[in-house]
Amino acid sequence: MAKRALITGITGQDGAYLTKLLYEKGYEVYGLLARRSTDTLWRLRFLDVLDKIELIDGDMTDVSSLVRVMHKAKPDEVYNLAAQSFVYTSWYQPILTGQVTALGVTNLLEAIRQTNKEARFYQASTSEMFGLIQETVQDENTSFYPRSPYGVAKLYGHWITINYRESFDMFCCSGLLFNHESPVRGIEFVTRKVTDAAARIKHGKQKELRLGNIDAKRDWGFAGDYVEAMWLMLQHDKPEDFVIATGTTTTVRDMCRIAFEYLDMNYEDYVVIDKKFYRPAEVDELLGNPAKAKKLLNWEPKTDLQQLIHMMVDADMVRVSKE
Ligand code: NAP
Ligand code: GDD
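For clarity, every value in this text was computed on a predicted model and none was experimentally measured.

**Let's talk about the site of ligand 1**
Move 1: Around ligand 1 lies a shell of 27 residues, among which Thr11, Asp14, Ser85, Tyr150 and Lys154 are the nearest.
Move 2: The separation between an oxygen atom of ligand 1 and a polar side-chain atom of Thr11 is 2.6 Å.
Move 3: Coverage of ligand 1 by the protein amounts to 88% of the 910 Å² it exposes when considered alone.
Move 4: At the level of secondary structure, the elements contributing two or more residues to the shell around ligand 1 comprise helix 1 (13-24), strand 5 (120-126) and helix 6 (149-168).
Move 5: Here the element with the most residues in the shell around ligand 1 is strand 5; it accounts for 3 residues.
Move 6: In terms of residue class, the shell around ligand 1 is made up of 12 nonpolar, 10 polar and 5 charged.

If you want it as structure tokens, here you go:
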């Protein structure tokens, strides 16, 4: 019998890559689809998986819909990827961020507990919880210090996941994933903003690129590699939390350089610093140690930053040329 998986946040970057992975592994894939007035299915189309899955209406803030979705999907595995995930927006919509990104996790855990507590649960935790870093290299034992309403909400989601594991003997795991990107990354995130702008400038459709703090450092990996780690966590013999990262950190400035150089341009000729994109509190630096995932899950990143940025620029060049 094929295994059944339910993915919340299926229309997001990770949702699309995870759908592709699970479909290729023979799963029946169900997705929670929030009602929107515009098309949110473009990523599932881009990865050619839209017609291979079943989408069920519901919202993370509406527990009755989550119970209905659980009854309908009858999943063996639940991947909770839904969130208000843009850090910048979390200062301007802190309550919505808390309702979806924090309490939404409890809504889903309750729906699982009340319908089928044997289902395995994955929570999308984040390196943003490390925030004002307490150790130069962050791993599963590093203390948290979130710096944004998003980071605070995710920390709640992280601890409620651990609490349900310890209270109700449920198979609940958290993946502490560092930044991961792809050609279907949302345009508001810095890597995609840069690769899209580089492609537009190359095509003569844009003149400059306005950015905020380009001295921030991130440990960037490829989303396609990272969704495999999510799946591996739920195949492991016991529920645990894992850091997923590359172990390399790079400034936004150097990431820009990689993108522009690939198109034979110098980023310094186009990047304009704009205070509008600075944040009320910044996460200056993130660098993860994925040794536990390597040891227990045999997981390793396959794509380095240069390959990733080139892949994203290539995709944006094609998109821009078709406009
Ligand atoms: P994303 O592209 O922003 O996708 C977010 C998903 O959540 C979308 O499918 C969105 O649906 C859905 N969603 C938002 N509010 C919802 C609601 N009220 N009810 C139901 N669905 C809702 O995020 P991502 O980059 O794929 O990340 C996936 C998860 O991993 C998120 O939880 C994120 O916080 C976490 N994470 C991401 C990274 C990273 O670097 N990408 C790192 C660590 C952790 P619509 O399309 O309808 O808006
Ligand atoms: N978005 C954006 N836009 N970021 C900019 C800009 C800009 O114009 N200029 C500089 N930055 C800097 C931000 O200040 C931040 O330090 C860094 O680029 C990365 O910003 P984002 O790409 O927006 O990602 P993030 O690190 O804030 O959050 C992402 O990664 C988290 C994991 O660490 C998101 O995917 C979160 O959902 C995820 O949890």
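**Let's talk about the site of ligand 2**
Move 1: Taken together, 24 residues sit near ligand 2, with Thr126, Ser127, Tyr150, Arg279 and Glu282 positioned nearest.
Move 2: Within the side chain of Tyr150, one N or O atom sits 2.6 Å away from an oxygen atom of ligand 2.
Move 3: Residue Arg279 places a side-chain N or O atom 2.6 Å away from an oxygen atom belonging to ligand 2.
Move 4: Relative to its unbound accessible area of 720 Å², ligand 2 is 95% covered by the protein chains.
Move 5: Of all elements in the fold, only helix 7 (190-202) and strand 8 (209-211) reach the threshold of two or more residues within the shell around ligand 2.

**Describing the domain arrangement of the protein**
Move 1: One can read the domain layout of the protein as domain 1 (4-180 + 222-244) and domain 2 (186-218 + 248-282 + 303-321).
Move 2: In this structure, domain 1 and domain 2 have C-alpha centres spaced 27 Å apart.
Move 3: Taken together, the 13 residues of domain 1 in the interface contact 16 residues of domain 2.
Move 4: Summed over both sides, the interface of domain 1 with domain 2 buries roughly 1,300 Å², with 58% coming from carbon and sulfur.
Move 5: The largest contributions to the domain 1 side of the interface with domain 2 come from Phe86, Tyr88 and Phe222, which together make up 39% of the buried area.
Move 6: Counting every contact that joins domain 1 to domain 2 gives 0 salt bridges.
Move 7: Here domain 1 and domain 2 share 3 residue pairs in polar contact (both at pLDDT 80 or more) between them.
Move 8: The set of elements that each furnish at least two residues to the side of domain 1 that touches domain 2 consists of helix 2 (42-46) and helix 4 (87-90).
Move 9: With 3 residues, the single largest contributor to the side of domain 1 that touches domain 2 is helix 2.
Move 10: Looking at the side of domain 1 that touches domain 2, its residues break down into 8 nonpolar, 2 polar and 3 charged.

Conventions we followed
Residues numbered from 1 in each chain as written. Chains lettered and ligands numbered in written order. Predicted model: local features only at pLDDT ≥ 70, side-chain atom pairs only at ≥ 80, totals over all residues. Heavy atoms only, no water. Near = heavy atom within 4 Å. Polar contact = N/O pair within 3.5 Å; in protein donor to acceptor, adjacent residues only side chain to side chain. Areas by Shrake-Rupley, 256 points an atom, 1.4 Å probe, with all protein chains shown as cover. Helix = DSSP H or I, 4+ residues; strand = E, 2+ residues; numbered from the N terminus. Nonpolar A, V, L, I, M, F, W, Y, C, P; charged D, E, K, R; others polar. Domains from an automatic or database assignment. Contact = heavy atoms within 4.5 Å. Buried area = accessible area lost by both parts, 1.4 Å probe. Salt bridge = Lys/Arg side-chain N within 4 Å of Asp/Glu carboxyl O.

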